[in-house]
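So the chains spell out like this:
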Amino acid sequence: MSGALLRLACMATVAAQAVLAPVPATAAPDPQRSVSQLLTDLQKQYRQAEQATETYNATAERLRRQQAEVTRLDGELARARLALQGSRTEAGRLARQQYQNSSDLSPYVRLLLARDPQHALDEGHVIGQLARERAETVARLTGSERRKDALARAARKALDTQLALAGRQKKERDAVRARVADVERLLASLTPGQLSAVARLEQQGVADAQQKLTDSGTLDDGRPPSTAGNRAVQYAMDQIGKPYQWGAQGPRSYDCSGLTSRAWDHAGTPIPRTSQEQWARLRRVPLTELRPGDLVIYFPEATHVAMYVGAGTVVQAPRTGEKVKLSPLASFPVLGAVRPDGTHETPPSA
């Protein structure tokens, strides 16, 4: 932990000068402030950065789905226009045929004047069939017109939504950059002694929370993972050492929910992209029933997530400046846990 803080501090001066969205400068901390106050400030900055990241991720996912919807509607609209063109061609052919076969005599008069009334009746049947075909063609033309118009309106609305989401994504990207810059500036303002003291205090807090969790008997390691859960854990473990990067889903870097969603996708069980959606949409399980592969959600707003691997340990992409690593389950305040798959199948023995 302290190593990560020190690495961040070394990079912070350069990073704060990087090309980022303009943000107000963060005032240097009061040298008289206690280490606990400094840690509180730093954790608050990290948490705000992660909240901004998850908001950005949610919008990015919505934008991806919206782009797919725009593509789908564009394809349907193209097909509807072709169908409309075919209906218009057919209607034109029937109109020309009607004009060429037009007569001033009504079908009743033609029947009276016919030399062979039965033949005339048979011919009338054919004429009636043609009339029904013309009516069906007109109905198809009308339906094609309406479908084309409806699809055109839907495509326009979908495109407007896509453009609005793209604009929102840009603003949220700038917000993430601003939050990350705040963290970097705060770290750059601390002395090496302050950084070491803050890191030690944070480690002690995590150790105390982990001990309390262990002493409570909450964690039970007698539950094996499901087959899919085992694959997800193996994938996540293989990513250890790769850097945290907000908005990233691999394979070179990850943010917290990017790691968990990609691991479960690799296991054949796609799950929502963000930690908040994972908390809202996946089946919740008590900590007493945790098994490897389950996801542990953190903070009241569900803005961080890690994957349980057993023995009171999670694998996670912690935060800016750190790498994917194993951590105590109580690294952050626990909100709860969710299970991406509902099976109880266990993996085959090695």
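A quick note: this is a predicted structure, and the numbers were derived from the prediction, not measured.

A. Structural context of the packing of aromatic side chains. Tallied over the full model, the rule gives 2 aromatic pairs. Measuring from centroid to centroid gives 5.8 Å for Tyr 298 and Phe 332, while their planes differ by 80 degrees, and the two rings are edge-to-face. Here Tyr 298 is found in strand β2 (residues 295-298), whereas its partner Phe 332 is found in the loop between β5 (325-328) and β6 (334-339), with 34 residues between them in sequence. Overall, the relative accessible area of 14% leaves Phe 332 in the buried class. Each residue in the set Tyr 298, Phe 299 and Phe 332 is aromatic and connected to the rest through ring pairs, giving one cluster. Positioned over the ring face of Trp 279 is Arg 284, at 3.7 Å from the centre of the ring.

B. Looking closely at the side chain of Glu 322. Its location among the elements puts Glu 322 in the loop between β4 (313-316) and β5. Judged by its relative accessible area of 4%, Glu 322 falls in the buried class. Among the polar contacts listed, one links the side chain of Glu 322 to the side chain of Lys 325, at a separation of 2.9 Å.

C. The arrangement of the nonpolar core in detail. Of all hydrophobic cores here, the largest spans 24 residues; its most connected members are Trp 264, Leu 295 and Met 307. For this core, the secondary structure elements donating two or more residues are α6 (227-238), α7 (256-266), β2 and β3 (304-310). With 5 residues, α6 is the single largest residue contributor to this core. Aside from chain neighbours lying at most four places away, what touches Trp 264 is Ala 228, Gly 229, Ala 232, Thr 269, Pro 270, Ile 271, Gly 293, Leu 295, Met 307, Pro 340 and Asp 341. In terms of nonpolar packing, the next biggest core, distinct from the first, is built from 14 residues, Val 285, Tyr 298, Leu 329 and Ala 337 among them.

Analysis parameters
- Residues numbered from 1 in each chain as written.
- Predicted model: local features only at pLDDT ≥ 70, side-chain atom pairs only at ≥ 80, totals over all residues.
- Heavy atoms only, no water.
- Phe/Tyr/Trp six-rings, centres within 6.5 Å; stacked < 30°, edge-to-face > 60°.
- Helix = DSSP H or I, 4+ residues; strand = E, 2+ residues; numbered from the N terminus.
- Buried < 20%, exposed > 50% of the residue type's maximum accessible area, 1.4 Å probe, protein only.
- Lys NZ or Arg CZ within 6 Å of the ring centre and 35° of its normal.
- Polar contact = N/O pair within 3.5 Å; in protein donor to acceptor, adjacent residues only side chain to side chain.
- Core = buried A, V, L, I, M, F, W, Y, C linked by side-chain atoms within 4.5 Å.
- Contact = heavy atoms within 4.5 Å.

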